[in-house]
Amino acid sequence: MEVRAVSDTVQDPSRGQSEDDDLLGSEMSGEEIAHGDALLEVDGLKKYFDQDSGLLSGVSFDPDSFPPVSVGQDHVKAVDDVNFEIRRGETLGLVGESGCGKSTLGRTILRLLEPTDGSIYFKGEDLADLSGEQLRQKRSEIQMIFQDPQSSLDPRMKIGQIIEEPMRAHGMLDDEGREARAKELLEKVGLDPHHYNRHPHAFSGGQRQRVNLARALSVNPDFVVCDEPVSALDVSIQAQVLNTMEELQEEFGLTYLFIAHDLSVIRHISDRVAVMYLGNVVELAEKEELFENPQHPYTEALLDSIPVPDPRESDARGVLEGEVPSPVNPPSGCRFRTRCPRLIAPDEYEWTDEEWYHTRAFMRAVKRRTFEPMAAAEIEAEFFGGDLPRGDPGEIVQRAIELVASDRSAGDGESGGESDAEVIGDPNVDWERATDLLLESFAERSICAQERPAYEIESEHGTETHFAACHLHR
Amino acid sequence: MSSESEPLLRVENLKTQFFTEAGTVRAVDGISFDVHEGEIVGLVGESGAGKSVASMSLLRLVESPGEIVGGEITYKGETIFGLEEGPDGELQEREDMLSNQEMRDRIRGNEIAVIFQDPMESLNPVFTVGGQLREFIELNRDLSSEQARQEAVEMLREVGIPDPEQRYDEYPHQFSGGMRQRVLIAMALACEPSLIIADEPTTALDVTVEGQIIDLVDDLQEKYGTSFIWVTHDMGVVAEICDRVNVMYLGEIVEQSPVDELFYDTKHPYTEALLDSIPRPDKTVGELDPIEGVMPEAISPPSGCRFHPRCPDAREVCQRVHPENKQVDTAEGVPHRAACVKHDAFDVGYDESVPLAKSPQVTADSSANTETSVTDPERGTAGSSGGEGSE
């Protein structure tokens, strides 16, 4: 509370009238947003990166096509069409595996990265449209805390200076006022104000992260993006810092976007949670709802795979197979479909659940080449228990098996079908053709590959809507 | 896993110290534990507890200025490390201790293998993955180059790398983190060692990949009957994979018990505090209960029980008496040890002792600042309002 008193005494003439009140701490003035209303709204946000740079970047050479040289950049679609809102006073947890785009999203919201497309409405104003001085001014309202407490502090500056720097940049207070406020903040984040003149190296990791907190809070932001703020810390220190962050949120009415890969931390600190996979938000719901009633197979898999600190909890884990596909060329429709244990059967065939289950397993095994070449009969026994699916799918599977069977003879090509002529005589197992055949016949025809899912369903826990990007809810 | 049979590895009173300019760092200070056949033994603790130094000491891989200064390590009846009093009264290495040559040729890799935390740093970026694996097999198992190659491809397949013939010729940077860790597991298993030391093998990985690796280790362990020493800070992983657990704090083992008892019949306040301070994935915890302060430096450990400045149960006697890791209970024939004087096995008058007033600790506010002496004027005031310790 004293922080406010300090800033109260000094009026900064350089700031516009409407912004005067921002200096005064957690209380916000008339035009502001009430607790629980959207403070930040992200709409169709995209961030693509060029894959390479340089004079000849984007020039590719393919002797088989005409013309053989083509120009065109591949883009890494780090964040692709993301929509959500963050309400004032809440903590939105953003969770996902490394490479899913969660940090890029955080940085794009802050305009540390230039968005490729989409809007970021902060208090009704589109940050994506701002530039120059306007944007710089806005930055006093939005701050960030980084993961590595070591490299985010300048080793040659004293922590007092470090905390005062943002205030200086935004022309807040005079020298004395800044020092007083810095000391005040040190105390707020649980450090000793007498350490004002120490250098960062004199602090432990947890304490450095507190300095980071104090620096972020120095300009009195409304919104703080926290990018893995505790993942570099030991568990016991992690708990201390998390508790401090919660206290500060309450005191200053802060809104957090809390990015982390650790689901336990997310469960502890968040009000609502968004799960990201390969540049998309796949599920967003209230914390309790998301953890107790997950509706996206990816969230389920993620929750299943966390080791629970309880030796009596030894359910068989449904471990996710395969690896995250490249964001340069992500799967169509639902991006998780290539690994999804519940990929939906294509509608044009008649399936029993079991037939589809076997076929899906076989398709993926072929795609990932996880088994050794063996005789056709053995493959049938291994993946289908001897019974191939009936009808068309059965025939397609049959053809695929022949392509990868070790005992395939030249004659198999003919019985297999029309276009196999050129393969005849090829003694090698043809994984690629089998993969293509299976994917084209089955995976690509699933609704999961054809439409991008987005469904809102009713929550079992709490009253909020539950967003799940999965066609199982169609 | 019975405690009567001769253990595969026995560590007794192991001490490893680092002789630095600032003083002697007692990184590992008298730890004893054993590993039986087919068992996964956890070595748990926060950073700085000495768990990595302890595990490297087992292979005599401690580098200068570090040195193993005491204790005994016995592996399958052979002495990996042992000291005896020489004719001049000085301690000297025992006759039957394995020579460096023997350690290299017979023990490391063949008998005891290691999986490190960072798979990128453990693989050479300028050689193909297959080549490195092949070379390792060729050297350690006396196979011809071609046989070793086949064996390498076989191992890659075994650890779940798709299309191993193709990937054999790829370089480490073409593998993802999880795949690289699989390669290291393949390398560790290649010589069918009896014991694998896994030093935080899943810490750098994503949860889904971590799950895959833990499952893989489980399967392989069942198949080959390999014993593991699993070094980690993650209690979730411990619960998932370990049979018995050693909890380390500041160079000492403070609790040693089967995994179920560790979680459900916790005997040491540090273990308890550690369990209370972690957020849970399976339930929502209102307020976290952090351990106060930070771990002090091993260069000047607190007197008496090393945990007493942060311990909620600390009493006056804890400052004076240094507790050994004593058996305090038995769980299905396996001893449950804890180094805490509050248990009856210690008869030092804990019950009559006065509880310690919550005094802020000196070590808390400048753990990285060893050059600041206690006479530092700032330090005097620092204690009263505290750093990490003030919460």
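Residues numbered from 1 in each chain as written. Chains lettered and ligands numbered in written order. Predicted model: local features only at pLDDT ≥ 70, side-chain atom pairs only at ≥ 80, totals over all residues. Heavy atoms only, no water.

Draft legend 1. Structural detail: the overall build of chain B. Along the backbone of chain B there are 13 helices and 14 strands. Counting only residues that meet the buried cut, chain B has 53% of its 391 residues in that class. The long-range fraction of contacts in chain B, counting pairs at least 24 apart against all pairs at least 6 apart in sequence, stands at 63%. Entry remark: accessible area of chain B is about 16,700 Å², with carbon and sulfur atoms responsible for 45%. (Helix = DSSP H or I, 4+ residues; strand = E, 2+ residues; numbered from the N terminus. Buried < 20%, exposed > 50% of the residue type's maximum accessible area, 1.4 Å probe, protein only. Contact = heavy atoms within 4.5 Å. Areas by Shrake-Rupley, 256 points an atom, 1.4 Å probe, with all protein chains shown as cover.)

Draft legend 2. Spotlight on the packing of aromatic side chains. Residue and element names in this part refer to chain A. Counted under the stated rule, the structure contains 14 aromatic pairs over all chains. For the pair Tyr349 and Phe442, a centre-to-centre distance of 5.8 Å together with 75 degrees between the ring planes defines the contact as edge-to-face. With a gap of 93 residues between them, Tyr349 in the loop between helix H10 (297-305) and helix H11 (353-368) and Phe442 in the loop between helix H15 (431-441) and helix H16 (447-450) connect regions that are remote in the sequence. Neither Tyr349 nor Phe442 differs from the other in exposure class; each is buried. (Phe/Tyr/Trp six-rings, centres within 6.5 Å; stacked < 30°, edge-to-face > 60°.)

Draft legend 3. Structural context of the packing of H11 of chain A against helix H13 (residues 391-404) of chain A. Residue and element names in this part refer to chain A. One way to put it is that H11 packs onto H13 with a least axis distance of 12 Å and a crossing angle of 30 degrees. Judged by the inter-axis angle, H11 sits roughly parallel to H13. Considering only the axes of H11 and H13, their crossing is left-handed. On the side of H11, the interface is formed by Thr359, Phe362 and Val366, while H13 contributes Val397, Ala400, Ile401 and Val404. When the residues that make up the contact of H11 with H13 are grouped by side-chain class, the tally is six nonpolar, one polar and no charged. (Axes fitted to C-alpha atoms, helices over the stretch in contact; angles between N-to-C directions. Parallel < 35°, antiparallel > 145°, perpendicular 65-115°, else oblique. Left-handed = near helix turned anticlockwise from the far one by under 90°. Nonpolar A, V, L, I, M, F, W, Y, C, P; charged D, E, K, R; others polar.)

Draft legend 4. Region of the structure containing a negative patch on the surface. A surface patch of like charges, here negative, comprises Glu247 and Glu250 of chain A together with Glu272, Asp276, Glu287 and Asp289 of chain B. Of all elements in the fold, only helix H7 (235-252) of chain A together with helix H11 (269-277) of chain B reach the threshold of two or more residues within the negative patch. Counting through the fold element by element, Glu272 of chain B comes out in helix H11. (Patch = residues over 30% accessible without salt bridge, like charges linked within 9 Å, V, L, I, M, F, W, Y side chains within 5 Å. Salt bridge = Lys/Arg side-chain N within 4 Å of Asp/Glu carboxyl O. Lys, Arg positive; Asp, Glu negative; His and termini not counted. Charge placed at Lys NZ, Arg CZ, Asp CG, Glu CD.)

Draft legend 5. How the structure looks around the pattern of salt bridges. Evaluated as defined, the whole model comprises 47 salt bridges over all chains. Linking Arg342 of chain A and Glu300 of chain A is a salt bridge whose minimum nitrogen-to-oxygen distance equals 3.3 Å. Taken together, the residues Arg342 of chain A in the loop between H10 and H11 and Glu300 of chain A in helix H10 connect sequence positions 42 residues apart. Overall, Glu300 of chain A belongs to the partly exposed group, its relative accessible area being 27%. A salt bridge links Lys223 of chain B to Glu158 of chain B; the nearest nitrogen and oxygen atoms lie 2.7 Å apart. Here Lys223 of chain B is found in helix H8 (residues 207-224), whereas its partner Glu158 of chain B is found in helix H5 (residues 145-158), with 65 residues between them in sequence. Residue Glu158 of chain B is classed as partly exposed on the basis of its relative accessible area, which comes to 24%. Through salt bridges that share partners, Lys123, Glu125, Lys138, Glu141 and Asp222 of chain A make up one connected network.

Draft legend 6. Looking closely at the interface of chain A and chain B. At the interface, 54 residues of chain A touch 62 residues of chain B. When the buried area of chain A at its contact with chain B is split by residue, Pro307, Pro309 and Pro311 of chain A rank highest and sum to 12% of it. Of the charged contacts in the structure, one is a salt bridge between Arg312 of chain A and Asp260 of chain B, with a shortest N-O distance of 2.7 Å. Secondary-structure elements contributing two or more residues to the side of chain A that touches chain B are helix H6 (205-217), H7, helix H8 (263-269), helix H9 (287-292) and H10 of chain A. Broken down by element, the side of chain A that touches chain B gets its largest block of residues, nine residues, from H7 of chain A. Considering only residue class, the side of chain A that touches chain B consists of 18 nonpolar, 17 polar and 19 charged. (Buried area = accessible area lost by both parts, 1.4 Å probe.)

Draft legend 7. Quick peek at the confidence of the model for chain A. With 85% of its residues at a pLDDT of at least 70, chain A reaches an overall mean of 82. Contacts for the low-pLDDT stretch residues 410-426 of chain A, under 50 throughout, to residues beyond four places or in other chains number 18 contacts. (pLDDT = per-residue confidence, 0-100.)

Draft legend 8. Local environment of the sheet that holds strand S4 (residues 75-87) of chain A. Residues and elements named next belong to chain A. Taking strand neighbours across the sheet as the criterion, the four strands line up as S4-S1-S6-S7 in an open arrangement whose pairing is antiparallel. Where the open sheet ends on each side, the last strands, each with one partner, are S4 and strand S7 (125-126). When strand S1 (residues 38-50) meets S4, the two strands line up antiparallel, connected through nine bridges. By the bridge assignment for S4, Val42 is matched with Phe84. Along the sheet, helix H2 (residues 102-109) contacts S1, S4 and strand S6 (117-122); its crossing angle with S1, the most-contacted strand, is approximately 115 degrees. (Pairing = 2+ DSSP bridges.)

Draft legend 9. Seen up close, H10 of chain A. Within H10 of chain A, seven of the nine residues are buried, which leaves the element mostly enclosed by the surrounding structure. Every buried residue of H10 of chain A is accounted for by Pro297, Tyr298, Thr299, Ala301, Leu302, Leu303 and Ser305 of chain A. Taken together, the buried residues of H10 of chain A touch H8, strand S11 (272-277), strand S12 (280-286) and H9 of chain A together with H8 of chain B.

Draft legend 10. Inspection of the pairing of strand S9 (residues 195-199) of chain B at higher detail. Residue and element names in this part refer to chain B. Counted residue by residue, S9 has five buried out of five residues, so it is predominantly covered. By the alternation rule, side chains of S9 split into Leu195, Ile197 and Asp199 and Ile196 and Ala198, which are all buried. Across four bridges, the pairing between strand S8 (residues 112-115) and S9 is parallel. Note that in S9 the partner of Ile115 across the bridge is Ala198. Here S9 pairs with strand S10 (residues 227-232) via five bridges, running parallel. When the sheet's bridge partners are listed, Leu195 is paired in S10 with Ser227. Chirality of the crossover, the property in question, places the unit of S9, H8 and S10 among those that are right-handed. (Right-handed = clockwise from strand over helix to strand, strands pointing away.)

Draft legend 11. Summary view of the nonpolar core. The biggest cluster of nonpolar side chains holds 94 residues, and the ones touching the most others in it are Leu9, Ile185, Ile229, Trp230 and Met235 of chain B. A total of eight residues in this core trace back to one element, the largest contributor, which is helix H7 (residues 177-189) of chain B. (Core = buried A, V, L, I, M, F, W, Y, C linked by side-chain atoms within 4.5 Å.)

Draft legend 12. Structural detail: helix H12 (residues 376-384) of chain A. All names here are of chain A. Residues of H12 that are buried: Ala376, Ile379, Glu380, Phe383 and Phe384. Seen along its axis, H12 keeps its buried residues to an arc of 100 degrees; they face one direction. Facing away from the buried side of H12 by over 90 degrees, the exposed positions are Ala377 and Glu382. Where the residues of H12 are buried, they touch H11 and H13. Backbone geometry just downstream of H12 places Gly385 in the positive-phi region, at approximately 60 degrees. (Arc of directions from axis to C-beta.)

Draft legend 13. Quick look at the packing of H13 of chain A against H15 of chain A. Residue and element names in this part refer to chain A. Orientation of H13 relative to H15, taken along the N-to-C sense of each, is 165 degrees, at an axis distance of 8 Å. The angle between H13 and H15 falls in the class roughly antiparallel. Judged by the sense of rotation from one axis to the other, the crossing of H13 with H15 is left-handed. Each of Ile396, Arg399, Ala400, Leu403 and Val404 in H13 lies in contact with H15, whose residues at this interface are Trp431, Arg433, Ala434, Leu437, Leu438 and Ser441.

Draft legend 14. The state of the cysteines, seen in detail. Residues and elements named next belong to chain A. Within the structure shown, the criterion is met by zero disulfides over all chains. No disulfide involves Cys340; its nearest neighbouring cysteine sulfur is the one of Cys470, lying 5.9 Å away. Residue class for Cys340 comes out buried when judged on its relative accessible area of 7%. Summary of cysteine pairing: Cys448 is not part of a disulfide, and the nearest cysteine sulfur, belonging to Cys334, is at 6.0 Å. With relative accessibility at 7%, the residue Cys448 sits in the buried group. (Disulfide = S-S within 2.5 Å.)

Draft legend 15. The arrangement of the pairing of strand S2 (residues 23-35) of chain B in detail. Residue and element names in this part refer to chain B. Here strand S1 (residues 9-20) runs beside S2; their pairing, made up of nine bridges, is antiparallel. Its bridge partner lying in S2, Val11 is registered against Phe33. Counted along the chain from S1 to the antiparallel partner S2, the turn is two residues long.

Draft legend 16. Focus on the environment of Cys311 of chain B. Residue and element names in this part refer to chain B. Structurally, Cys311 is set in the loop between H11 and helix H12 (316-320). Assessed through its relative accessible area of 10%, Cys311 is described here as buried. For Cys311 and Glu292, which are 19 residues apart along the polypeptide, the C-alpha to C-alpha distance reads 8.0 Å.

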